[in-house]
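Descriptive analysis of the structure
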There are 2 protein chains.
Amino acid sequence: MSPREDAVLSTMQDVPLLISRILTHGSTIHGTSQVTTWTSEDEPHRRSFAEIGARAAQLAHALREDLGVTGDERVATLAWNNAEHVEAYFAIPSMGAVLHTLNLRLPPEQLAWIVNHAADRVIIANGSLLPLLAPLLPHLKPVEHVVVTGPGDRSLLAGATVRVHEYEDLIAGKPTSYDWPELDERQAAAMCYTSGTTGDPKGVVYSHRSIYLHSMQVNMAQSMGLTDEDTSLVVVPQFHVNAWGLPHATFMTGVNMLMPDRFLQPAPLAAMIESERPTHAAAVPTIWQGLLAELTANPRDVSSLGQVTIGGSACPPSLMEAFDKLGMRVCHAWGMTETSPLGTIARPPAGVVGTEEEFAYRLTQGRFPAGVEGRLTGPGGERLPWDGESAGELEVRGPWIAGAYYNGPGAEPLRPADKFSEDGWLKTGDVGTISADGYLTLTDRAKDVIKSGGEWISSVELENALMSHPDVAEAAVVAVPDDKWGERPLATVVLKEGSTATFETLRAFLADEGHIAKWQLPERWTVIAAVPKTSVGKFDKKVLRRQYAQGELDVTSLG
Amino acid sequence: MSPREDAVLSTMQDVPLLISRILTHGSTIHGTSQVTTWTSEDEPHRRSFAEIGARAAQLAHALREDLGVTGDERVATLAWNNAEHVEAYFAIPSMGAVLHTLNLRLPPEQLAWIVNHAADRVIIANGSLLPLLAPLLPHLKPVEHVVVTGPGDRSLLAGATVRVHEYEDLIAGKPTSYDWPELDERQAAAMCYTSGTTGDPKGVVYSHRSIYLHSMQVNMAQSMGLTDEDTSLVVVPQFHVNAWGLPHATFMTGVNMLMPDRFLQPAPLAAMIESERPTHAAAVPTIWQGLLAELTANPRDVSSLGQVTIGGSACPPSLMEAFDKLGMRVCHAWGMTETSPLGTIARPPAGVVGTEEEFAYRLTQGRFPAGVEGRLTGPGGERLPWDGESAGELEVRGPWIAGAYYNGPGAEPLRPADKFSEDGWLKTGDVGTISADGYLTLTDRAKDVIKSGGEWISSVELENALMSHPDVAEAAVVAVPDDKWGERPLATVVLKEGSTATFETLRAFLADEGHIAKWQLPERWTVIAAVPKTSVGKFDKKVLRRQYAQGELDVTSLG
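Under an unreviewed UniProt entry, chain A has the name Long-chain fatty acid--CoA ligase and belongs to Streptomyces variegatus. Its UniProt record, at the heading Sequence similarities (unreviewed entry), says of chain A: "Belongs to the ATP-dependent AMP-binding enzyme family."

So, about the overall build of chain A. Scanning chain A for helices and strands turns up 16 helices and 26 strands. Relative to a compact globule of 559 residues, whose C-alpha radius of gyration would be 24 Å, chain A shows 25 Å and is just as compact. For chain A, with 559 residues in total, the buried portion stands at 60%. For chain A, the share of sequence-separated contacts (at least 6 apart) that also reach a separation of at least 24 residues comes to 66%. Taken as a whole, chain A presents about 21,100 Å² of accessible surface, with 51% of it coming from carbon and sulfur. Charge centroids of chain A, computed over 45 positive and 69 negative side chains, lie 3 Å from each other.

Take the environment of Leu-295 of chain B next. Residue and element names in this part refer to chain B. Take Leu-295: it is sitting in helix α11 (residues 285–297). Assessed through its relative accessible area of 7%, Leu-295 is described here as buried. Each C-alpha atom, one on Leu-295 and one on Pro-285, is 15 Å from the other, the two residues being 10 residues apart in sequence. Sequence-distant contacts of Leu-295, that is, excluding residues within four places in its chain, are made with Ala-270, Arg-300, Val-302 and Leu-326.

Another point: the domain arrangement of chain A. Under the domain assignment, chain A is made up of domain 1 (13–208) and domain 2 (448–557). Here domain 1 of chain A and domain 2 of chain A have C-alpha centroids that lie 46 Å from each other.

Using the criterion set out here, one finds 68 salt bridges over all chains in the structure. The salt bridge involving Glu-474 of chain B is made with Lys-533 of chain B; its shortest N-O contact spans 2.9 Å. Of the two residues, Glu-474 of chain B is situated in strand β24 (residues 472–482) and Lys-533 of chain B in the loop between β26 (524–527) and α16 (541–549); the sequence distance between them amounts to 59 residues. For Glu-523 of chain B, the salt bridge goes to Arg-524 of chain B, with nearest N and O atoms at 4.0 Å. Like Arg-524 of chain B, Glu-523 of chain B is buried. Three or more residues joined by partner-sharing salt bridges are found here, namely Arg-47, Arg-55, Glu-84, Glu-87 and Glu-168 of chain A.

Take the interface of chain A and chain B next. Listed per partner, the contact involves 81 residues of chain A and 82 residues of chain B. Between chain A and chain B, roughly 6,400 Å² of surface is buried when both sides are summed, and carbon and sulfur atoms account for 55% of that area. Considering only the side of chain A, the residues that lose the most area to chain B are Val-8, Met-12 and Gln-13 of chain A, jointly responsible for 12% of the buried surface there. Scanning the region where chain A abuts chain B turns up eight salt bridges. The shortest N-O distance in the salt bridge between Arg-186 of chain A and Asp-14 of chain B comes to 2.7 Å. Between the two partners, chain A and chain B, sit 36 residue pairs in polar contact (both at pLDDT 80 or more). Sorting the residues of the side of chain A that touches chain B by element identifies α1 (19–28), β9 (202–207), α7 (208–219), α9 (246–253) and β18 (392–397) of chain A as the ones contributing at least two each. Top element by residues in the side of chain A that touches chain B is α7 of chain A. It accounts for seven residues. Split by residue class, the side of chain A that touches chain B holds 40 nonpolar, 24 polar and 17 charged.

For the rest of this paragraph, the subject is the packing of α1 of chain A against α9 of chain A. Helix-helix packing: each pair is described by the crossing angle between the helix axes and the interaxial distance. All names here are of chain A. It is the contact of α1 with α9, at a shortest axis distance of 7 Å, that shows an interaxial angle of 50°. As summarised for this structure, α1 and α9 are arranged oblique, according to the angle between their axes. Seen along the crossing, α1 lies across α9 with a hand that is left-handed. The residues of α9 that touch α1, namely those facing Ile-19, Ile-22, Leu-23, His-25, Gly-26 and Ser-27, are His-248, Phe-251 and Met-252. Of the residues assigned to the contact of α1 with α9, the class counts are five nonpolar, four polar and no charged.

Pairing is antiparallel across the open sheet formed by five strands, whose spatial order is β17-β16-β18-β19-β20 (chain A). Every interior strand has two partners, whereas the edge strands, β17 (383–384) and β20 (440–445) of chain A, have only one.

As a further point, take α7 of chain A. All names here are of chain A. End to end, α7 covers 17 Å across 12 residues, agreeing with the expected 16 Å (1.5 Å per residue, within 8%). Taking burial as the measure, the 12 residues of α7 include 12 buried ones, the bulk of the element. If you check which residues of α7 are buried, you get His-208, Arg-209, Ser-210, Ile-211, Tyr-212, Leu-213, His-214, Ser-215, Met-216, Gln-217, Val-218 and Asn-219.

This part takes up helix α2 (residues 49–66) of chain B. Quick reminder: α-helices carry 3.6 residues per turn. Residues three or four places apart thus point the same way. Residue and element names in this part refer to chain B. Taking 1.5 Å per residue, 18 residues should reach 26 Å; α2 reaches 25 Å between its end C-alpha atoms and fits that length. Every buried residue of α2 is listed here: Phe-49, Ile-52, Gly-53, Arg-55, Ala-56, Ala-57, Gln-58, Leu-59, Ala-60, His-61, Ala-62 and Leu-63. Just downstream of α2 lies Gly-68, where phi reads positive at about 70°.

Rotating chain A by 180° and moving it 0.0 Å along the rotation axis overlays it on chain B with an RMSD of 0.1 Å. Such a combination of turn and shift is consistent with a two-fold rotation axis. No C-alpha of chain A lies nearer the rotation axis than that of Met-220 of chain A, which sits 1.9 Å from it. Looking at the interface residues of chain A, 100% of them are also at the interface in chain B, so both copies use one shared face.

This part takes up the pairing of strand β5 (residues 122–126) of chain B. Every other side chain in a regular strand lies on the same face of the sheet, so the side chains alternate between the two faces. All names here are of chain B. For β5, a buried count of five out of five residues is recorded, marking the element as mostly surrounded by other parts of the structure. Burial of the side chains of β5 extends over both faces: Val-122, Ile-124 and Asn-126 are buried on one face and Ile-123 and Ala-125 on the other. Sheet topology note: the strand β3 (residues 74–78)/β5 ladder contains four bridges and is parallel. The residue of β5 that forms the bridge with Ala-76 is Ile-123. Where β5 lies against strand β6 (residues 145–149), five bridges are found, and the strand directions are parallel. Bridge pairing in β6 places Ile-124 opposite Val-147. A crossover connection joins β5 to the parallel β6 through helix α5 (residues 130–136); in handedness this β-α-β unit is right-handed.

On to the sheet that holds strand β3 (residues 74–78) of chain A. Residues and elements named next belong to chain A. Spatial strand order, β7-β6-β5-β3-β4-β8-β9: seven strands in an open sheet with mixed pairing. Pairing within the sheet leaves two strands with one partner each, and these edge strands are β7 (163–166) and β9. In this sheet, neighbouring strand axes are inclined to one another by 25° on average, regardless of whether the strands run parallel or antiparallel. Note that β3 and strand β4 (residues 98–101) share four bridges and pair parallel. Note on β4: the bridge partner recorded for Ala-76 is His-100.

Each aromatic ring pair is characterised by the separation of its centres together with the angle its planes make. Across all of its chains, the model carries 18 aromatic pairs over all chains by this definition. Taking the centre distance of 5.6 Å and the plane angle of 85° together, the rings of Trp-288 of chain B and Phe-323 of chain B count as edge-to-face. Of the two residues, Trp-288 of chain B sits in helix α11 while Phe-323 of chain B sits in helix α12 (residues 317–325), which places them 35 residues apart along the sequence. What makes Trp-288 of chain B buried here is its relative accessible area of 1%. Take Phe-323 of chain B: its relative accessible area is 0%, and that puts it in the buried class. Over the ring of Trp-425 of chain A we find Arg-375 of chain A, and its NZ or CZ is 4.0 Å from the ring centre.

Further remarks concern the environment of Met-220 of chain A. Here Met-220 of chain A lies in the loop between α7 and β10 (231–234). Once the C-alpha coordinates of Met-220 of chain A and Glu-474 of chain A are considered, the two residues, 254 residues apart in sequence, prove to be 41 Å apart. Discounting chain neighbours no more than four positions away, the residues touching Met-220 of chain A are Gly-225 of chain A together with Met-216, Asn-219, Met-220, Ala-221, Met-252 and Thr-253 of chain B.

So, how was this worked out
- Residues numbered from 1 in each chain as written.
- Chains lettered and ligands numbered in written order.
- Predicted model: local features only at pLDDT ≥ 70, side-chain atom pairs only at ≥ 80, totals over all residues.
- Heavy atoms only, no water.
- UniProt positions renumbered as here; feature names shortened; annotations may be inferred.
- Helix = DSSP H or I, 4+ residues; strand = E, 2+ residues; numbered from the N terminus.
- Rg over C-alpha atoms; globule rule 2.2 N^0.38 Å.
- Buried < 20%, exposed > 50% of the residue type's maximum accessible area, 1.4 Å probe, protein only.
- Contact = heavy atoms within 4.5 Å.
- Areas by Shrake-Rupley, 256 points an atom, 1.4 Å probe, with all protein chains shown as cover.
- Lys, Arg positive; Asp, Glu negative; His and termini not counted.
- Charge placed at Lys NZ, Arg CZ, Asp CG, Glu CD.
- Domains from an automatic or database assignment.
- Salt bridge = Lys/Arg side-chain N within 4 Å of Asp/Glu carboxyl O.
- Buried area = accessible area lost by both parts, 1.4 Å probe.
- Polar contact = N/O pair within 3.5 Å; in protein donor to acceptor, adjacent residues only side chain to side chain.
- Nonpolar A, V, L, I, M, F, W, Y, C, P; charged D, E, K, R; others polar.
- Axes fitted to C-alpha atoms, helices over the stretch in contact; angles between N-to-C directions.
- Parallel < 35°, antiparallel > 145°, perpendicular 65-115°, else oblique.
- Left-handed = near helix turned anticlockwise from the far one by under 90°.
- Pairing = 2+ DSSP bridges.
- Expected span 1.5 Å × (residues − 1).
- Least-squares fit on C-alpha atoms with pLDDT ≥ 70 in both.
- Right-handed = clockwise from strand over helix to strand, strands pointing away.
- Phe/Tyr/Trp six-rings, centres within 6.5 Å; stacked < 30°, edge-to-face > 60°.
- Lys NZ or Arg CZ within 6 Å of the ring centre and 35° of its normal.

Written out as structure tokens, the structure is:
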């Protein structure tokens, strides 16, 4: 807006929200806070925020002066969570370049596709990951430099045509301060590709502004609310949505970081919790499942962990209860690569803590923070009320929510219609309800929901109800075409040995014990030997839908 | 910056940071949180955030449709802290207009100057303040409408030429929602004039962006860190730097507000703390001094108040200790109208709470939050180190720090050289030191500091040391011209009856007991009957400097 002649202009300073400001703040005001990296040695490695700040400046000098990184070039990292990765997190965006974190768990061909798509010319890699990187290098066309940190067999790179640098040699002797440029806060700062089950991976490009605002949100008392008295065990990988924003957020408030590097197995995690006494931890449920089993087998003192943030997928109630008993209070959060990721966080509302209602609130995905707006869109595109019952696809808007995907250097961003609404909101692909007091409960993925006569039936709800039957080992529910209703649910069940359950008794069980509404009860049933799974162990419903379409399933129709 | 051809564009949504978003968030997600306003009746008045949201929409409709408020017109408030003032706080900026809070404690002629300078066409006034407003009205040229809220004698406005409206009648029947416009976040949202001791009052114009970011900062765990479990007693007036940003910050996280309206005397404050049990309070030291005396005379249960934010001027150590004993933990903060106001906050660093060092940290002005950068500038314009010893004028930069003053509608903002550095930082006019770990200690006002041979001597330090002598009732130290050193300190002392102290013994006391460096000891001494005071009770050093210049003081020179 251009001001009118009599307009009242704000007289505030125009100071952009930059990652370099977070770095400078953390390394001066909180210079004594620490990044502790677990090692295979007796003692973990400790580095102060002041040292991180000095070394980030050295890294920026090396990237610019020795490797010629200019403008908004992408610099990739292939690394675990450790101090050097934190240095890269701050150095690369602060100098104006773009940090591209590579997900080391992706299939090699996807990794190669991503490096080529982002046009990464430099990769900073942990030595321990060279066995993954070395065979990939011939397929990484734009890569000219590999900078290696930490232990690992360098001889693996012997035949590579790229230039190989030792990180410590590269930064040694460089100036420990850098005149960070004043950038536009909307400039790209970091990028992360998300790989769906179909199509090419999609790049999300975070701006300085989005990361800065997200960091402030993470630090709000109503969110994670950590202070410099805290130590956060950052298990969620730095190559996964910026480790949920924790490296940036912690530098903003001096929260100490405990970094597990490659030691993500339950035993070392339990050991580092006992010896380093973090007050907070963040990870996906599978990590906590493993840790719980380890702690049951080999008890440790984990009482320091007052707050455990769980995201990525829903935390099973049994796991939440088990951690509560150990004094580790789980707080659910929901987000995705496209949401930076803090989308909701499940702190119970005022007055509920300590009451019977509390646990139900903690099992929801939580409330939107002030910077995130949410709405539910029904099967016909209509807006649904926040009544805790109307199920729709969740759409979100906010300054740290993606509005498009990266389409390669110089190309216009991609805005596929199934991912972004016409008015710019992100379609999350998650289906659920929102209660009158703003608590989100996700019930299904949009692609798995059954669209029956203009209403939605949650496949997950039906599956959970079925799997609570004592005779059912596994169950998957998928949508199949129906002449009258458009789609109807098909129940595929894996029965336990010796089961005497019939489809009729299972259906009655759903209605009586599962409290499933009558119109949602499946008519089509089949028994299968096992539910097909994806490479990461999720139900692969595509396979079931295809088997049904090709007539490969023996389906019984009930009344 | 215009993107290059191969530039990586951020793919984040471009969502402006607007006050209407804070309002919508608070009145939906935190719709059951409450604004409680103290009254002279048996019960305080309670209004939910949802009701505030609905009524703010009604007020915006009334202002636009009935009073014709358009664009960025200023709408003034002359009001205590109460629910209607909160409604105005949100309605006016959300609709795109500018909230102008009038300081009801200013001399009438200054108030009139300010209303005319801001070109306020509408004033929303509390009925209880009509005795102040009515006689002013003939001098308020631009004012066409007065909207009256709450109890008060309307007949006082009988002869006024403006149109008078009842607030409740005006908003009654209006729609309870409003299609808030998408504004530029840098647009003016609110303004507040600061009145120095010299010159005209100066307007600071806050933007939507600055208020939004400041609110996030206030809510960070490292700052005030409140949640929806909290209730904040907002004693600091809404006409004083947006009540330190609390109405905006509380709507962002659902913190309940307890508003004292006009009942700011110690007895009702003690009563409302006991009955409403706020967990947080914010006010200047004089309010707490009065409350402490009241609690000593009439003990009340004030144990709910776990956190008390004190700003505006330094909190005397004795007051901090007295409140500690009552279980009310004082947290020092520093700021000014130009800093929104959160500039520093005195949370001790990690590991210090519970140790002997803690109290010393709490007496400092505190540390800068991530959004505020600070630097010290010495007498010759040089940057001074953070060593806890080098004293300089504090300069600050940040997205909620003023970079200029308002100069009337349509005019370019004012950037006086004594208030803003060439590179745009705010010169605070405060002199102090910053420790290596970032804690600010203010020692003097820049205009009162003694510039002696390229070094600064704090007048306040000398005064405090002098006043700790048992024979000294009061003491003021001012700079006087000196041929050799430029300036030297003149000590003016008020001796207690029967004192036998000589200037020589006082000077020796300063060196021995006061630990004042030898080169800082005053040579010039005089006894006065009383230190001249300003209308608000502060030492009026202008008068002393003039008396010295005119030879009216009987000055003795030592050695």
